[in-house]
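Tertiary structure, described
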Amino acid sequence: MKAEPLNIHDKRFLINRLIEQAPVSTLVREFFKNADESAASAAPGNRRIEIYPTVIEGVRKLTFWNTGTGMDDRELKQATELSSSINKEMSLDGNFGIGAKVSGLTMSREGIRYRSCKDGVVNEVVIGFDPEEQTYVRFPVELPDGSFDTVYDVTQVVLDEGRETAFDWTEVVLMGESEDHDTVAEPLGKGKTQDRSFIPSAIFRRFARFADGVEVRVDVAMTKGGGKDETGRTRRLKTLEEVVEELPNHEWVDAPGGELRIHYIHDPKHESYSHSLSALANPATSSTTFCALVHKGERYDIKSRKAWSAAAPNFGIPFGSKVITVEIELVDELALPNQYRDGLTWPDDRSPMVAEDFDDFVRELMPDWVREVIRSESPASDDNLDDLQSDLQKLLDEFRIPTVTLSPSRRISAMQTEGADEGTDTSDPTKIDTHFPELSEAGDKDGAEGDPSKSQRAKHKKVRKAPEGSKLSRSAQSLERVPEIKILTDPDEIAEKNLKGRAGRFYKDAQTLFVNGLYSAAERMAVELDAELRTLGEPEVVRSAIMKASRKFMAFRVGKATCYAISKRLSDDWSSDDLDRATSPESLSLAADDYKQSISQAKRYAKELIKAADIPEESTARLHEVG
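Notes on the structure in this doc start here. (Residues numbered from 1 in each chain as written. Predicted model: local features only at pLDDT ≥ 70, side-chain atom pairs only at ≥ 80, totals over all residues. Heavy atoms only, no water.)

Here the focus is the overall build of the chain. Along the chain, the regular secondary structure elements total 21 helices and 22 strands. Taken across its 627 residues, the chain has 47% of its residues classed as buried. Considering only contacts in the chain between residues 6 or more positions apart, those separated by 24 or more positions represent 69%. (Helix = DSSP H or I, 4+ residues; strand = E, 2+ residues; numbered from the N terminus. Buried < 20%, exposed > 50% of the residue type's maximum accessible area, 1.4 Å probe, protein only. Contact = heavy atoms within 4.5 Å.)

Further remarks concern helix α12 (residues 386-397). End to end, α12 covers 16 Å across 12 residues, agreeing with the expected 16 Å (1.5 Å per residue, within 8%). All of the buried residues in α12 are L388, Q389, D391, L392, Q393, L395 and L396. (Expected span 1.5 Å × (residues − 1).)

On to helix α11 (residues 368-377), then. Taken together, the buried positions of α11 are occupied by W369, V370, V373 and I374. Looking straight down α11, one finds its buried side chains confined to an arc of 150 degrees; they lie on one side. α11 presents D368, R375 and S376 as exposed residues on the side facing more than 90 degrees away from its buried surface. In this fold, the buried residues of α11 make contact with β12 (249-254), β13 (260-266) and β16 (324-330). (Arc of directions from axis to C-beta.)

Of note, F148 is situated in strand β7 (residues 148-149). For F148, a relative accessible area of 58% translates into the label exposed. When neighbours within four sequence positions are excluded, F148 is seen to be in contact with V141 and E142.

This part takes up the packing of aromatic side chains. Scanning the model with the defined rule gives 10 aromatic pairs in all. On the basis of an interplanar angle of 80 degrees and a centroid distance of 5.7 Å, the ring pair of F319 and F514 is categorised as edge-to-face. Linking F319 in the loop between α9 (305-311) and β16 with F514 in strand β22 (residues 512-516), this pair joins segments that are 195 residues apart in sequence. We classify F319 as buried; its relative accessible area is 7%. Residue classification places F514 among the buried positions, given a relative accessible area of 0%. Between Y507 and F514 the ring centres are 5.7 Å apart and the planes differ by 85 degrees, which places this aromatic pair in the edge-to-face class. Each of the two residues, Y507 as well as F514, counts as buried. Members of the aromatic cluster, connected to one another through ring pairs, are F32, F207 and F210. The ring of W169 has R163 sitting right over it, with the charged end atom 5.4 Å from the ring centre. Directly above the ring of W252 sits R261, whose terminal nitrogen or CZ lies 3.6 Å from the centroid. (Phe/Tyr/Trp six-rings, centres within 6.5 Å; stacked < 30°, edge-to-face > 60°. Lys NZ or Arg CZ within 6 Å of the ring centre and 35° of its normal.)

So, on to the pattern of salt bridges. Under the criterion given, the structure shown has 36 salt bridges. For E171, the salt bridge identified is with R163, shortest N-O distance 3.2 Å. Residue classification places E171 among the buried residues on the basis of a relative accessible area of 2%. We classify R163 as partly exposed; its relative accessible area is 25%. Through salt bridges with shared partners, a single network forms among R29, E30, K33, R206 and E298. (Salt bridge = Lys/Arg side-chain N within 4 Å of Asp/Glu carboxyl O.)

Further remarks concern the sheet that holds strand β17 (residues 336-337). An order of β17-β18-β19 is seen for the 3 strands of this open sheet, with the pairing classed as antiparallel. Strands at the two margins of the open sheet, each flanked by one partner only, are β17 and β19 (352-353). (Pairing = 2+ DSSP bridges.)

Attention now moves to the environment of L590. Looking at the element boundaries, L590 is found in helix α19 (residues 585-593). C-alpha of L590 to C-alpha of V558: the two residues are 32 residues apart in sequence and 8.7 Å apart in space.

Time to look at the pairing of strand β4 (residues 121-130). For β4, a buried count of 9 out of 10 residues is recorded, marking the element as mostly surrounded by other parts of the structure. For strand β3 (residues 111-118) and β4, the ladder comprises 7 bridges, and the chain directions are antiparallel. Looking at the pairing, S116 lines up with N123 of β4. The hairpin turn running from β3 into β4, its antiparallel successor, is 2 residues long, and D119 in that turn takes a positive phi close to 55 degrees. Pairing of β4 with strand β8 (residues 152-153), which is carried by 2 bridges, proceeds in the antiparallel orientation. Its bridge partner lying in β8, E124 is registered against Y152.

Note that all results are geometric; they support no functional claim without further evidence.
Right under this line is the structure:
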């Protein structure tokens with residue numbers, strides 16, 4: 001007896017669930033991709049896609065039109081079946097899927113109208129949800145002779161509208177959720193108004209390139225700029241690839257192994273306008289910087305605006321995400337799109353693939369000119385945190401924590417490093433000469449109290465320089481390095497890093513720790529210090545010294561908590577999730593809140609800043625001459 005293939009017992013239930021659970025966010029991608037592939041089959045010079053409003057009974061409906069091989073009545077009927085398409089190969093890694101009809105019907109239950117011209121004949125079909133049948137159908141229509149059909153000839157109707165039939169084309173009109181649904185203004189659902197340029201902007205973000213020779217034009221009613229209340233005029237939509245040469249700088253860098261390459265793009269705002277240079281070079285769309293994976297000409301896991309700003313430090317871009325775009329282009333075999341083409345997966349186990357899986361490549365391959373852009377975008381600061389970082393490094397070194405030997409991610413760069421000391425989960429006390437007496441046993445006492453040998457400030461020692469070309473020993477390189485600390489005081493930067501109401505955020509991949517200089521604990525410490533120090537000098541000088549001291553010691557508390565959390569990596573009782581929670585913004589905020597522990601040290605530090613500011617410049621110069 002032959003094996004019996006499994007069938008679907010309740011097709012209606014499966015179809016309804018498939019459509020109603022589909023993501024509507026992929027709607028624009030699906031219909032545009034179909035149009036792009038079809039237009040590529042047209043004759044050179046006539047490979048066109050047009051996006052415009054079609055007015056039906058006074059209501060605008062979003063329309064995609066393209067040249068390319070058309071469909072006759074039988075092919076059009078077949079094309080409206082789910083999991084069916086014309087002139088496509090059914091494969092997991094190709095573009096064949098269930099996306100366009102499924103995501104379209106999710107938003108457009110009222111109907112999707114297809115018209116296709118082939119060999120001068122235009123046929124039409126409308127699919128949508130039938131309340132009587134309680135499922136999705138091809139709607140039958142009554143013809144002039146009294147008969148009914150679901151696919152019918154509308155050639156004369158099209159000619160009367162002034163449309164051409166001399167070449168093949170296909171048109172798709174989204175009717176929406178009801179007859180009065182304006183799908184141009186609300187393409188993702190009734191009541192969900194989008195920006196006027198939402199459609200071209202969505203296409204610009206998603207597609208790194210169009211098919212060869214395809215020109216895309218969008219009606220001015222659906223683009224930024226003039227023409228808001230007009231229709232009939234169009235603007236050309238370009239890809240970033242087509243305008244990148246008009247930007248200050250960009251560079252492709254190939255990764256070792258040939259499986260991916262990184263595209264770094266400098267896209268600042270125009271001096272006289274609020275738009276980026278790429279947006280000005282592409283009038284049909286709004287354009288902002290972003291980070292994304294690129295696979296077969298399409299972008300996935302796109303991070304823009306606040307999401308990109310918050311993620312950028314992991315990619316080695318602590319500042320400058322507003323002017324830097326990063327594309328990570330993968331070879332075809334490295335990834336597979338998921339069922340709805342709204343994400344990539346790893347081929348071996350279909351787990352999600354995200355841009356962070358490759359952030360180490362972005363950091364390591366970064367050209368010098370990109371680093372210079374980052375430096376130029378970094379906020380100006382007169383805070384010197386070298387002593388703070390040095391003290392934290394000494395603290396971290398006590399634990400002899402080796403660097404991670406295996407990457408915890410699915411990154412293709414994951415490889416074993418040279419062995420390092422196993423380390424210990426407890427610290428061995430060591431003598432630390434520090435500008436932060438908080439680390440000493442008498443750190444909570446003023447210099448005149450307690451053991452003078454413990455409370456006095458460390459003296460400057462002669463620094464012996466290593467020969468030029470020297471570097472850290474292999475054993476030192478294998479130990480964990482303290483995170484680089486950056487104190488933010490600009491409200492916009494604090495908001496971009498998701499630090500509002502939080503004291504710090506640790507980016508473990510990039511080993512960067514951002515500290516919120518406006519966090520309430522710093523303000524509370526400043527209030528207490530001001531009550532004691534306000535008479536010691538000029539009010540402005542005193543306030544400046546107090547705020548510097550409050551922020552610096554808060555950064556130290558946050559940094560110390562991060563170092564202790566890192567040390568727990570040696571403990572078998574701590575999981576990676578536990579470590580992430582220990583360095584979460586909430587945990588670091590609790591460490592920052594305990595400002596009482598370091599208020600004495602902050603007071604001494606503020607006094608020194610005030611005293612240094614009160615020394616006349618002439619006296620300072622004489623001191624330097626004597627030295």
